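Secondary and tertiary structure notes
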Amino acid sequence: MNKYNSALAGKDVQYQLHPYTDAILHQEVGPLIIERGEGVYVFDDQGKRYIEAMSGLWSVALGFSNQRLIEAAERQLRTLPFYHLFSHKSHSSSIELSEKLIELAPVPMSKVFLTNSGSEANDTVVKLIWYRNNAIGKPEKKKFISRRNAYHGITVASASLTGLPPNQRGFDVPLPGFYHVSCPHHYRYAQDGETEEQFADRLADELESVILSEGPETIAAFYGEPLMGAGGVIVPPRTYWEKVQAVCRKYDILIVADEVICGFGRTGNMFGCETFGITPDVMVVSKQLSSSYQPIAAVLVNDTVFEGIADQSHAFGTLGHGFTGTGHPVASAVALENLKIIEEERLVEYAAEMGDLMQAGLARFKSHPLVGEVRGHGLIAAVELVANRSTKAPLDVAGKLGKFLAGRAQEHGMITRAMGDSIAFCPPLISTQEEIQLVLDTFGRALDDTARWSG
Ligand code: PLP
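So, here is what we can say about the structure in this document. (Residues numbered from 1 in each chain as written. Predicted model: local features only at pLDDT ≥ 70, side-chain atom pairs only at ≥ 80, totals over all residues.)

**Observations regarding the pairing of strand E11 (residues 371-377)**
Sheet analysis places E11 next to strand E12 (residues 380-385), joined by six bridges and oriented antiparallel. What sits directly across from Arg375, in E12, is Ala382. Hairpin connection from E11 to E12: two residues lie between these consecutive antiparallel strands, with Gly378 at a positive phi of about 65°. (Pairing = 2+ DSSP bridges. Helix = DSSP H or I, 4+ residues; strand = E, 2+ residues; numbered from the N terminus.)

**Examining the site of the ligand**
Around the ligand lies a shell of 15 residues, among which Ser117, Gly118, Ser119, Gly153 and Val260 are the nearest. Broken down by element, the shell around the ligand gets its largest block of residues, three residues, from helix H6 (residues 118-135). Residues that form the shell around the ligand fall into these classes: five nonpolar, eight polar and two charged. (Near = placed C-beta within 6 Å. Nonpolar A, V, L, I, M, F, W, Y, C, P; charged D, E, K, R; others polar.)

**Points about helix H12 (residues 303-316)**
Taking 1.5 Å of rise per residue, 14 residues should cover 20 Å, and H12 covers 20 Å from first to last C-alpha, within 8% of that figure. When we look at burial in H12, the residues that qualify are Val305, Gly308 and Ile309. Buried residues of H12, viewed axially, fall in a sector of 95°; they line one side. Looking at the buried side of H12, the elements it contacts are H6, strand E8 (254-258), strand E9 (282-285) and strand E10 (297-301). Once H12 finishes, Gly317 follows within two positions and takes phi at roughly 85°, a positive value. (Expected span 1.5 Å × (residues − 1). Buried ≥ 20, exposed ≤ 12 C-beta atoms within 10 Å, placed from the backbone. Arc of directions from axis to C-beta. Contact = placed C-beta atoms within 7 Å.)

**Topic: the sheet that holds E11**
Strand order across the open sheet formed by four strands is E11-E12-E15-E14, with antiparallel pairing between neighbours. Each of the sheet's edge strands pairs with one partner strand only, and the pair in question is E11 and strand E14 (417-419). When strand polarity is set aside, the average angle formed by the axes of neighbouring strands in this sheet is 25°. One ladder, built from three bridges, connects E14 with strand E15 (residues 422-425); its direction is antiparallel. Bridging from a neighbouring strand, Met419 pairs with Ser422 of E15. Packing against the sheet, helix H14 (residues 347-363) makes contact with E11, E12 and E15, and its axis sits at approximately 10° to E12. Packing of helix H15 (residues 400-411) onto the sheet brings it into contact with E12, E14 and E15, and relative to E14 it is tilted by some 180°. (Axes fitted to C-alpha atoms, helices over the stretch in contact; angles between N-to-C directions.)

Below is the structure:
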């Protein structure tokens, strides 16, 4: 045995480099090994149960033990465990999944390109838009604008779109040609007395001035999550998307909606684009697409974008882009089954109902001395902790309260996520009323512990 609580934990420290983990601290504290999942719960290797208030990584819509998804994977593994889509090859699960995605899309979309991850999907979007703009005779129209605090992934182009310092520090990104405008977080960034609408006006003006100073003919696309997830569950201020889209349309700038977290019911509608009135040219989905039982993501492009790509691929004799796992049959079969279940069980409507319950429950913490803001939409929310409600100041250093609270929550049997001092909530769409209540109660206990600790 070693200083961790199992031999397996020792091997983890010895052999694995963990994402989003301090590699030195990890040697000290070791891993929390999760052994199995059941419904909205996971269990560690010591038998302790945790309610998963984050759906894993914002992803397990159907919980951790959906038999239909398991059977769909098994069926596909027995029939065709792998095939690819290169050189005119195809197979039924990717075809049917693509058809389903086009049918579900909130605006007319033309084609689906499948990838293994959200990051790859966003890199794919950047490359396809560059490719398309070369094809349509606009080779100078190549720059991307996203927002500070945005999360679009960690591969080279997607990390350039991402606007979070930890994803860029030390990695030599963003690449040239990627620009970040202000984060649409009213609580943190509005000026004194500025209404949500005035804040939205100011952000639209800022976007327009960046476009004008760079030259509209050089800007390819504006990139955004309908509601920002990993950057802190930031709900855009009223009228934000309407105003920002008007600016983009004025200068012939494509709109890309990254629905990787919002997609498939999270915000109370099938897509975040519906919740916030966005009409994108390109959409990216993942996570709840397959409940993450299999790694898969998809890029949906409209006709305007597809036509340029089609012509260019014809001119070159091939579209020189694609992954071994593009349209992987097992991942596609699981995703298709997952979408069928979401529809058949009316989980979008159900999640909207449970979302109202969760938002109302969290709102009750608004008067707590450590709570600066409670925000969210549907079944996704965050509570931002502050040490001083009038100055919105953190305790000593930013992130300390959040980290402590998440630790206490884990101790009390709930996995959540601290994004700085904001605690995120993103429970599975299947959560019952009692399970939502358990999330709220456990948060309350952890908040009380945090208040006692911070004095
Ligand atoms: N886009 C958004 C909005 C995300 O939240 C994420 C992951 O959290 C990604 C893209 C990247 O997805 P992946 O981790 O599958 O690469």
